[in-house]
Amino acid sequence: MNQLSPLESELLAQASAATGRIEIDNLTIRLGEGRQAFDAVQEVSLSIAPGEFVCVLGPSGCGKSTLLGALAGHWRPSQGAIRVDGDPVAGPHPDRGLVFQQHTLFPWKKVLDNVAFGLKMKGIQRQERRDSARELLDLVGLAGFEDRYPIQLSGGMQQRVEIARVLINQPRVMLMDEPFGALDAQTRLKMQELLLEVWARVKTTVVFITHDIDEALFLADRILVMSPRPGRIIEELRLDFARPRHPDLVTSPEFMRLKRHCLQLLHPQARIVPLERLSPLGPQAAAHANHNV
Ligand SMILES: Nc1ncnc2c1ncn2[C@@H]1O[C@H](COP(=O)(O)OP(=O)(O)O)[C@@H](O)[C@H]1O
Ligand SMILES: [Mg+2]
């Protein structure tokens, strides 16, 4: 009989202990009343592996926030089902942490107490929750800012605190709805890198909503592209870019090629060129390149 080596046993134990598997099965979310009713999300089926980083990319109004809201437990499925680690999503829970474009910190609490708050709700002792909060603030690069109030921080720093506030609950899944959308371009890039560093350490599943193609391509293991009215997943792109991702990635030919493809998907009038026929530089460059061969 084949016996497992100690290493194999350990890997197997790790794999079975992994949490944060999301399964969405034929999900429809119908919004509005009577004749105004419409499917904001229609017949979406997908599965996300524990620890995977998935971006949902689509134009404004296509149903991204509705889909994320359903995962958070704010919307009940009109049809279909959502399960996390096999359990149906029945309402909001700290196991599924949410980060929005605007932070949800208590303005009257110091940074440390904002981050520690989730543990207070769980009845954990003051010293222990403050120690954990310090650790998380260190993780998001905010050691030394424990005694500030949210208003005394920049927008990027507020979002770092927000991420720490969510992570202190050790969520199975982190749900992020355009979390860097209100930040200036420079800060946004820094925050994307920070998020990837943090994610590499905590290994939680991330579902990240964005309408920014560069952001999705830089961050994700996999991009799900959504189309508007009805909100459906129209394409899935797996990204094989090496990790850790470097800012130079955005200038690589493969990145540009995928970006052009996403641009076409987000502009329904555009003629869709199959991905394998797309060059990084555009149709003329492709024709030119063929000419040279
Ligand atoms: N509570 C609601 N009632 C009715 N319609 C809504 C509600 N919330 C959002 N919508 C509509 O549903 C569609 C999808 O919205 P949303 O999920 O917020 O899109 P996105 O996040 O992609 O911009 C939009 O047309 C929006 O106007
Ligand atoms: Mg939205």
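Residues numbered from 1 in each chain as written. Chains lettered and ligands numbered in written order. Predicted model: local features only at pLDDT ≥ 70, side-chain atom pairs only at ≥ 80, totals over all residues. Heavy atoms only, no water.

Engineer: Before we move on, can you summarise the environment of A37 with the specific residues and values?
Structural biologist: If you trace the backbone, A37 turns up in the loop between β1 (22-31) and β2 (38-48). Excluding anything up to four places from it in sequence, A37 contacts R30, L31 and G32. (Helix = DSSP H or I, 4+ residues; strand = E, 2+ residues; numbered from the N terminus. Contact = heavy atoms within 4.5 Å.)

Engineer: So, the packing of helix α3 (residues 111-121) against helix α5 (residues 155-167): which residues are in play, and what are the values?
Structural biologist: α5 packs onto α3 with a crossing angle of 30° between their chain directions and a minimal axis gap of 7 Å. It follows that α3 is roughly parallel to α5 by the angle criterion. The interaxial crossing formed by α3 with α5 has right-handed handedness. In this structure, α3 uses V111, N114 and V115 to contact α5, whose residues at the interface are V161, A164 and R165. Tallied by class, the residues present in the contact of α3 with α5 amount to four nonpolar, one polar and one charged. (Axes fitted to C-alpha atoms, helices over the stretch in contact; angles between N-to-C directions. Parallel < 35°, antiparallel > 145°, perpendicular 65-115°, else oblique. Left-handed = near helix turned anticlockwise from the far one by under 90°. Nonpolar A, V, L, I, M, F, W, Y, C, P; charged D, E, K, R; others polar.)

Engineer: Lay out α3 in plain terms, naming residues and giving numbers.
Structural biologist: Buried residues of α3: V111, L112, N114, V115, A116, G118 and L119, and no others. Buried-residue contacts for α3 involve α4 (126-139) and α5. Following α3 by one or two positions, G123 adopts a phi angle in the positive range, close to 80°. (Buried < 20%, exposed > 50% of the residue type's maximum accessible area, 1.4 Å probe, protein only.)

Engineer: Describe the packing of aromatic side chains, and please don't skip the residues or the numbers.
Structural biologist: Tallied over the entire structure, the rule returns six aromatic pairs. Seen from their ring centres, F53 and F208 are 6.1 Å apart, and the 35° between their planes marks the pair as tilted. Of this pair, F53 sits in strand β3 (residues 53-57) while F208 sits in strand β8 (residues 205-210); the two residues are 155 residues apart in sequence, bridging distant segments of the chain. Classification of F53 as buried rests on a relative accessible area of 0%. When its relative accessible area of 0% is taken as the criterion, F208 is described as buried. Clustering of aromatic rings is evident, with ring pairs tying together F53, F180, W199 and F208. (Phe/Tyr/Trp six-rings, centres within 6.5 Å; stacked < 30°, edge-to-face > 60°.)

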